[in-house]
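# Overview (structure and organization)
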Amino acid sequence: VAIARIAVPVAANRLFDYWLPAGLQVESGSVVRVAFGRRRVHGVVTEIVRSSELSPDRILPVQEVVEALPVLPGDLRALAQFVAAYYQQPIGQCFAQLLPPLGAKRGRSEGRRADVVAVEAVKGLEVIELNTDQRRALDAALPRPPSFAVSLLQGVTGSGKTEVYLAAAARVIREDRQALFLVPEIHLTPQLEQRIAAALPGVRVVTLHSALGAGKRLGHWLAAARGEAQLVVGTRLAVFAPLPRLGLIAVDEEHDTSFRQQDGVRYNARDVAIYRARLRDVPVLLGSATPSLESYAQAQRGRYRWLRLSQRAKARAALPSVQLVPNRDPGSLEGLGSSLRAAIAERLARREQSLLFVNRRGFAPSLLCVACGWKAMCPRCAARLVVHREAAALRCHHCGHNERIPAGCPDCGNRDLFPLGFGTQRLERALGQLFPGARVMRVDRDSTRRRGAFAAMFRAITSGDVDILVGTQMLAKGHDFARLTLVGILGCDNALYSADFRATERLFALLEQVAGRAGRGALPGEVLVQTDFPEHPLFAALVDHDYDRFAEALLAERRSLGLPPFGHLALLAAEATSRAAVNSFLERAAARGNALATAHGKHCEVFPPVAAALARRAGMERGQVLVQASERRALQNFLARWREDLERLGPRTVRWSLEVDPPAVG
Ligand SMILES: [Zn+2]
Ligand SMILES: [Zn+2]
């Protein structure tokens with residue numbers, strides 16, 4: 001009897017054997033349904049073998065083949081294997097990343113081809129107008145004949161990177177191949193879809209992201225698998241889309257941490273995209289105004305083609321001027337200094353738009369009793385509760401805990417409770433009071449929760465119905481508002497002195513992106529940053545829009561400390577309801593790791609266990625052990641062995657996971 005070796009979506013890091021009933025058409029890559037414990041799950045057949053180590057009576061049959069899905073192609077299976085091996089993730093869960101949603105009821109549009117734009121001859125794909133820089137980048141990014149090459153497109157905000165991606169996509173589509181375009185945010189996709197429709201008329205485009213309904217997502221996935229979709233635009237999960245005629249992968253804002261999946265299977269979609277491009281021997285184009293230091297170093301070493309766009313693409317559009325202003329001055333009101341207020345007033349008089357950026361939603365980040373020093377804390381997390389004034393609630397942004405704002409201090413009874421610090425809601429209210437008559441709009445996760453809310457806000461902004469925008473990083477990315485000429489940045493000082501070594505790299509990227517919203521049309525832009533640390537090197541580089549200088553300085557620091565991209569990191573994260581359980585597991589894990597590292601030539605250093613930056617979340621105590629290695633291969637070998645030990649050591653009460661190339665370690 002034939003045995004199918006199947007990747008089943010469970011935490012155990014192994015494959016499971018099932019026997020194949022006669023008449024079932026199954027091959028490597030078939031998606032099947034099987035019983036697992038009391039559940040029925042979808043699995044992927046990885047190979048068919050003649051015999052199993054298990055006794056025949058312990059092997060269950062494959063129940064059925066999922067007819068709705070095609071056999072998964074070899075490159076996707078190889079991609080799942082790569083994610084499992086490189087990121088040390090359970091093999092079955094990695095294969096599960098390849099599948100579209102299957103559990104849902106049959107959606108109305110499932111399998112229908114109507115979601116794919118009507119078939120038209122691909123014509124007019126030369127409409128995309130490029131300047132000399134863009135054309136040079138395009139030619140360099142697409143090798144002749146087509147083959148694997150990684151290009152880093154480093155272009156200042158507004159330099160027209162998207163036009164280069166789309167022109168590159170147009171070229172491969174003309175050659176009857178498919179293009180994959182990865183973007184960081186689902187909020188970007190509606191605007192992006194419009195731009196694509198305008199730039200690539202007649203091209204059949206589908207989107208893939210987690211906010212799509214299950215039926216629709218399956219339909220789009222099938223359109224990609226059948227080769228009907230010529231361009232697939234999606235978030236990180238789209239890196240696993242089946243594309244039989246793949247010709248190009250482009251990754252926009254390649255530095256963005258949203259390419260990193262941080263729950264379940266941990267991977268970085270940018271790095272998976274590069275691996276996939278290599279497997280398929282196609283070019284991959286990474287774009288950013290502020291490339292990750294990993295990509296930057298690869299370009300410096302000559303391993304990536306380094307393509308630069310140093311000018312804004314639109315005629316007359318220059319990079320905005322950046323000024324540093326004090327957080328507090330004698331004229332400060334509600335957190336807004338006199339320079340920023342004067343700049344806003346000028347914009348109102350000229351009927352231009354202002355954007356105030358504060359990367360904190362809610363009214364105030366904490367509630368304080370002035371009499372005794374009590375602070376409102378989450379009962380389930382080691383974190384302060386955020387004041388949400390509209391809802392008269394205190395909310396935890398880590399676990400969702402929600403309670404009413406108390407009438408008085410629970411410790412001393414004092415009724416004078418003080419909201420400390422600024423969030424978007426407080427700024428919105430302050431602006432309403434300071435500029436009566438101005439139309440203020442707040443854009444954050446709370447104000448855009450309702451379906452379609454973000455699109456409606458976007459229309460209001462572009463049609464000029466808004467004078468002042470207040471928002472979080474949701475507003476930082478990709479948007480192009482012609483009359484927006486002022487950007488004010490508040491509350492960014494915390495990240496300057498964070499324990500996480502990547503914090504300043506991320507902060508620079510975010511600030512440059514926010515600053516880049518100003519002056520994208522014909523009107524010049526101005527950026528005011530409120531800070532207590534104007535002498536910090538990050539700000540000097542920001543004022544000059546000189547990412548290279550900042551990157552060089554960070555790289556020198558990283559090199560001296562053996563940190564990425566010069567060294568390699570992995571993190572063992574653990575959590576349990578008891579602190580003692582976490583500590584004892586991590587101590588044994590670190591001891592075992594040290595013994596392994598010593599036995600194998602000390603290429604890896606295992607640090608002692610520490611509490612996580614957020615030491616308790618949703619009732620779980622959290623800790624971690626960091627591993628640093630000078631060589632990638634040494635780290636991979638170490639992790640493979642260590643993980644086997646961890647699987648034996650780990651008691652059932654402790655949940656643990658390995659993170660390779662962790663995005664944050666503080
Ligand atoms: Zn008190
Ligand atoms: Zn909480």
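For the structure given in this document, a descriptive report is provided here. (Residues numbered from 1 in each chain as written. Chains lettered and ligands numbered in written order. Predicted model: local features only at pLDDT ≥ 70, side-chain atom pairs only at ≥ 80, totals over all residues. Heavy atoms only, no water.)

Glancing now at the coordination of the zinc ion (ligand 2). Coordination of the zinc ion (ligand 2) by the protein is provided by Cys-378 (SG), Cys-381 (SG), Cys-396 (SG) and Cys-399 (SG), with metal-donor distances spanning 2.2 to 2.4 Å. Taken together, the four donor atoms coordinating the zinc ion (ligand 2) span angles of 105 to 112 degrees at the metal, a pattern that classifies the geometry as tetrahedral. Between consecutive donor residues of the zinc ion (ligand 2), the sequence gaps follow C-x2-C-x14-C-x2-C. In this structure Cys-378 comes out as buried when scored by relative accessible area, which is 3%. Classification of Cys-381 as buried rests on a relative accessible area of 1%. (Donors = N, O, S within 2.8 Å, 3.2 Å for Na, K, Ca; no water. Tetrahedral: all angles 85-135°; square planar, octahedral: opposite > 155°, others 65-115°. Buried < 20%, exposed > 50% of the residue type's maximum accessible area, 1.4 Å probe, protein only.)

Let's shift gears to the packing of helix H8 (residues 293-300) against helix H14 (residues 547-561). Close contact between H8 and H14 brings their axes to 11 Å; oriented N to C, the two are set at 95 degrees. By the angle between their directions, the pair H8 and H14 is classed as roughly perpendicular. On H14, the residues touching Leu-293, Tyr-296, Ala-297 and Gln-300 of H8 are Tyr-547, Asp-548, Ala-551, Glu-552, Leu-554, Leu-555 and Arg-558. Here the residues of the contact of H8 with H14 are counted per class, giving seven nonpolar, one polar and three charged. (Axes fitted to C-alpha atoms, helices over the stretch in contact; angles between N-to-C directions. Helix = DSSP H or I, 4+ residues; strand = E, 2+ residues; numbered from the N terminus. Parallel < 35°, antiparallel > 145°, perpendicular 65-115°, else oblique. Contact = heavy atoms within 4.5 Å. Nonpolar A, V, L, I, M, F, W, Y, C, P; charged D, E, K, R; others polar.)

Coordination of the zinc ion (ligand 1) by the protein comes from Cys-369 (SG), Cys-372 (SG), Cys-409 (SG) and Cys-412 (SG), over a distance range of 2.3 to 2.4 Å. The sequence motif formed by the donor residues of the zinc ion (ligand 1) is C-x2-C-x36-C-x2-C. One end of the pair, Cys-369, is in strand E18 (residues 366-369); the other, Cys-412, is in the loop between strand E21 (402-404) and strand E22 (417-420), and 43 residues separate them in sequence. Under the relative-accessibility criterion, Cys-369 is labelled buried at 1%. Among the residues examined, Cys-412 registers a relative accessible area of 38% and is labelled partly exposed.

Turning our eyes to something else, we now look at the sheet that holds strand E8 (residues 178-182). Reading across from one edge, E9-E10-E8-E11-E14-E7-E15 is the order of the seven strands in this open sheet, with parallel pairing throughout. What marks the edges here is a single partner per strand, and that holds for strand E9 (205-208) and strand E15 (305-309). Neighbour-to-neighbour, the strand axes of this sheet turn through a mean angle of 20 degrees, independent of strand direction. Alignment of E8 against strand E11 (residues 246-251), held across five bridges, turns out to be parallel. Following the sheet pairing, Gln-178 is matched in E11 by Leu-246. Strands E8, E9 and strand E10 (231-234) of the sheet are contacted by helix H6 (residues 214-225), whose axis makes an angle of about 130 degrees with E9. Sitting on the sheet, helix H7 (residues 269-280) is in contact with strand E7 (149-155), E8, E11 and strand E14 (283-288), with an inclination near 160 degrees to E11. (Pairing = 2+ DSSP bridges.)

The grouping of Val-370, Phe-418 and Leu-420 at the surface amounts to a nonpolar patch, some 250 Å² of accessible area in total. By the secondary structure assignment, Val-370 is in the loop between E18 and strand E19 (386-388). Taking relative accessible area as the criterion, Val-370 reaches 53% and is therefore assigned exposed. (Patch = residues over 30% accessible without salt bridge, like charges linked within 9 Å, V, L, I, M, F, W, Y side chains within 5 Å. Areas by Shrake-Rupley, 256 points an atom, 1.4 Å probe, with all protein chains shown as cover. Salt bridge = Lys/Arg side-chain N within 4 Å of Asp/Glu carboxyl O.)

With that settled, consider the sheet that holds strand E1 (residues 3-7). Strands sit in the order E5-E2-E1-E4-E3-E6 across an open sheet of six strands; the sheet is mixed. Looking at the sheet topology across the chains shown, the edges are occupied by strand E5 (60-61) and strand E6 (64-65). Bridging between E1 and strand E4 (residues 39-49) involves five bridges; their strand directions are antiparallel. Its bridge partner lying in E4, Ile-3 is registered against Val-49.

What follows is about the environment of Leu-60. With respect to the secondary-structure elements, Leu-60 resides in strand E5. By relative accessible area, Leu-60 is classed as partly exposed at 41%. In this structure, the C-alpha to C-alpha distance between Leu-60 and Trp-19, residues 41 residues apart in sequence, is 6.2 Å.

Turning next to the packing of aromatic side chains. Using the criterion set out here, one finds 15 aromatic pairs in the structure. Ring centres of Phe-82 and Tyr-86 lie 5.4 Å apart, and the angle between their planes is 25 degrees; on these two criteria the pair is classed as stacked. Of this pair, Phe-82 and Tyr-86 both sit in helix H1 (residues 74-86), separated by four residues, roughly a single helical turn. By relative accessible area, which is 15% here, Tyr-86 ends up buried. Measuring from ring centre to ring centre gives 6.4 Å for Phe-82 and Tyr-87, while their planes differ by 80 degrees; the resulting arrangement is edge-to-face. A relative accessible area of 0% places Tyr-87 in the buried class. Within the aromatic cluster, the residues linked to one another by ring pairs are Tyr-296, Trp-306, Phe-508, Tyr-547 and Phe-550. In this structure, Arg-389 packs its charged tip against the face of Phe-363, placed 4.8 Å from the ring centre. Here Arg-426 stacks its cationic end above the ring of Phe-422, 4.6 Å away from the centre of that ring. (Phe/Tyr/Trp six-rings, centres within 6.5 Å; stacked < 30°, edge-to-face > 60°. Lys NZ or Arg CZ within 6 Å of the ring centre and 35° of its normal.)

Our next topic: the pairing of strand E30 (residues 620-629). A large share of E30 lies buried, amounting to nine of its 10 residues. In the sheet, strand E27 (residues 568-576) pairs with E30 via nine bridges, with the strands oriented antiparallel. Bridge pairing in E30 links Ala-573 to Gln-624. Relative to E30, strand E28 (residues 604-606) is paired through three bridges, and the arrangement is antiparallel. Its bridge partner being in E30, Cys-604 is matched across the sheet by Ala-629. Of the pairings in the sheet, the one linking strand E29 (residues 610-617) to E30 comprises four bridges and is antiparallel in character.

That is the geometry; function is a separate question.
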